[in-house]
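Descriptive analysis of the structure
As a plain string of letters, each chain reads:
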Amino acid sequence: MESDFDGETATGASVNDRTRARIRARTGLKYTPNDWLTFDTRVRTGSNASHQSPHITIYDFNDNPTGDADINLDKWYVGAKKDNWWAWAGRNSFPFWSQDEIFWDEDATLLGAAAGASHVFEGIGTVSTSAGYFALPVGMRAYSGHLAAGELVYSKKIDDVTYSLGGDLFNFQPNRGDSDASKLLNGNGSRKYTIATLNAKSEWRMRDIPLTAEMDLLHNLQDYSATDSDAFTAQNHNQRDGYVFSFKAGDTDKQGHWLAAYYYAHIETFAVNSSYAQDEWVRWGSGGETRSSNMQGHQFNVGYAISDNLDVLARLYLAEAITTQERNDRFRVDLNYKF
């Protein structure tokens, strides 16, 4: 169940409230012929036009259109893992450190190849590195542009606290001559992004309750011009930074476990490529794509594990635009069952 309320447009005009009942389903087949090789496929619900969301609206309480109800293959890859290295090729999930979905929506699977390795340095800590090159999805059945990315992560346990620090570089290269590129909102299919991220996390336990504190910093290294021929780029040329802070207590891994979490996000227009960022905070966007940058606000989570396979998660989002009057509040309750 998802309810949007107290919305305003960029000019401050009110947006009608909306409440929807929605479902999503994913099922796959994984084959592991030995202890290092994996073949994996998965299908999911959603719309052909949306690479960000597997949701299908089954009932709109405000009599809005319910949208498409399609099924697509969103994963198909071969993977290898042995000792301290791994690799895969095909279409798969985002392979880099992601503490939340602010930068990358987990449902936006990538076509390409990735590899990584880790090494434990005695008395120093663990260093991990990964890299990949991918075609970027436009909906579920087309691609436009490419992403090259690399990551370096350091982690070390001191007393009872594990500290992790990671740095990533993401280079989005558009294919401006491709007709599918124009389907992405706000010219994202024709705009270069070179985004550097710095991620930090600390994990510990208190009375057997897992606690996590996280921070993400984002900066777009591209130098856009105030006189760019694209009006949207020119208008937002200096909106290139973002940050996220969060704290989580508990989990829903086992029956009877509780989870509570809080996030604060400040994401300027070009701090992320919004065509591939999260689609949960706001209802902004069109054509199956959420416009999830130029946004700041709060997220509150409360979850409970009814059984080992069934949990309920309630989320409240309070979000507003940074440069306009646009705003959106959302309350969402998910019932998740895995078998």
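Our structure's up above, just so we're on the same page.
What you are looking at is a predicted structure, and each value in this text was computed from that prediction instead of being measured. (Residues numbered from 1 in each chain as written. Predicted model: local features only at pLDDT ≥ 70, side-chain atom pairs only at ≥ 80, totals over all residues. Heavy atoms only, no water.)

1. Notes on the overall build of the protein chain
Within the protein chain, the secondary structure is distributed over one helix and 21 strands. Radius of gyration (C-alpha) of the protein chain: 20 Å, near the 20 Å computed for a compact globule of 339 residues. Overall size of the protein chain, expressed as C-alpha extent along the three principal axes, is 60 × 45 × 40 Å. Relative to its full complement of 339 residues, the protein chain shows a buried share of 46%. For the protein chain, long-range pairs separated by at least 24 residues make up 59% of all intrachain contacts whose partners lie at least 6 apart in sequence. (Helix = DSSP H or I, 4+ residues; strand = E, 2+ residues; numbered from the N terminus. Rg over C-alpha atoms; globule rule 2.2 N^0.38 Å. Buried < 20%, exposed > 50% of the residue type's maximum accessible area, 1.4 Å probe, protein only. Contact = heavy atoms within 4.5 Å.)

2. Some points on the nonpolar core
Soluble globular proteins tend to pack their nonpolar side chains together in the buried interior. Core analysis: the biggest nonpolar cluster contains 40 residues, and Phe 103, Trp 104, Phe 170, Phe 172, Ile 267, Trp 281 and Met 295 have the highest contact counts within it. Contributing elements (two or more residues each) for this core: β9 (110-121), β10 (125-138), β11 (142-158), β12 (161-173), β13 (193-206), β16 (258-267) and β20 (310-320). Among the elements that take part in this core, β16 stands out by supplying four residues, more than any other. Leave out the neighbours within four places in its chain, and Phe 172 touches Phe 103, Trp 104, Leu 136, His 146, Leu 147, Arg 191, Lys 192, Tyr 193, Ile 195, Asn 273 and Tyr 276. (Core = buried A, V, L, I, M, F, W, Y, C linked by side-chain atoms within 4.5 Å.)

3. Examining the pairing of strand β5 (residues 37-46)
Along β5, seven of the 10 residues are buried, which leaves the element largely enclosed by surrounding structure. Adjacent in sequence and paired antiparallel, strand β4 (residues 26-31) and β5 are bridged by five residues. Here β5 runs beside strand β7 (residues 70-82); their pairing, made up of 10 bridges, is antiparallel. Its bridge partner being in β7, Arg 44 is matched across the sheet by Asn 72. (Pairing = 2+ DSSP bridges.)

4. Here we look at the side chain of Asp 334
Considering the arrangement of structural elements, one finds Asp 334 in strand β21 (residues 327-337). Among the polar contacts listed, one links the side chain of Asp 334 to the side chain of Arg 24, at a separation of 3.4 Å. When neighbours within four sequence positions are excluded, Asp 334 is seen to be in contact with Arg 24, Asp 311, Val 312, Leu 313 and Arg 315. (Polar contact = N/O pair within 3.5 Å; in protein donor to acceptor, adjacent residues only side chain to side chain.)

5. Brief notes about the pattern of salt bridges
Summed over all chains, the structure comprises 18 salt bridges. Linking Asp 334 and Arg 315 is a salt bridge whose minimum nitrogen-to-oxygen distance equals 2.2 Å. Highlighted residues: Asp 334 in strand β21 and Arg 315 in strand β20, separated in sequence by 19 residues. There is no split in this pair, since Asp 334 and Arg 315 are both buried. Here Arg 332 and Asp 334 are joined by a salt bridge, their closest N and O atoms 3.1 Å apart. Both residues of the pair, Arg 332 and Asp 334, count as buried. (Salt bridge = Lys/Arg side-chain N within 4 Å of Asp/Glu carboxyl O.)

6. Examining the packing of aromatic side chains
Applying the stated criterion across every chain yields a total of 25 aromatic pairs. Ring geometry for Trp 104 and Tyr 276: centres 5.3 Å apart, planes at 10°, overall stacked. Here Trp 104 is found in the loop between β8 (85-92) and β9, whereas its partner Tyr 276 is found in the loop between β16 and β17 (285-286), with 172 residues between them in sequence. A relative accessible area of 2% places Trp 104 in the buried class. For Tyr 276, a relative accessible area of 1% translates into the label buried. Measuring from ring centre to ring centre gives 5.8 Å for Phe 232 and Phe 270, while their planes differ by 75°; the resulting arrangement is edge-to-face. On the criterion of sequence distance, the pair formed by Phe 232 in helix α1 (residues 231-235) and Phe 270 in the loop between β16 and β17 is long-range, its members being 38 residues apart. Phe 270 sits in the buried class, given a relative accessible area of 1%. (Phe/Tyr/Trp six-rings, centres within 6.5 Å; stacked < 30°, edge-to-face > 60°.)

Treat this as a map of the structure, not an account of what it does.
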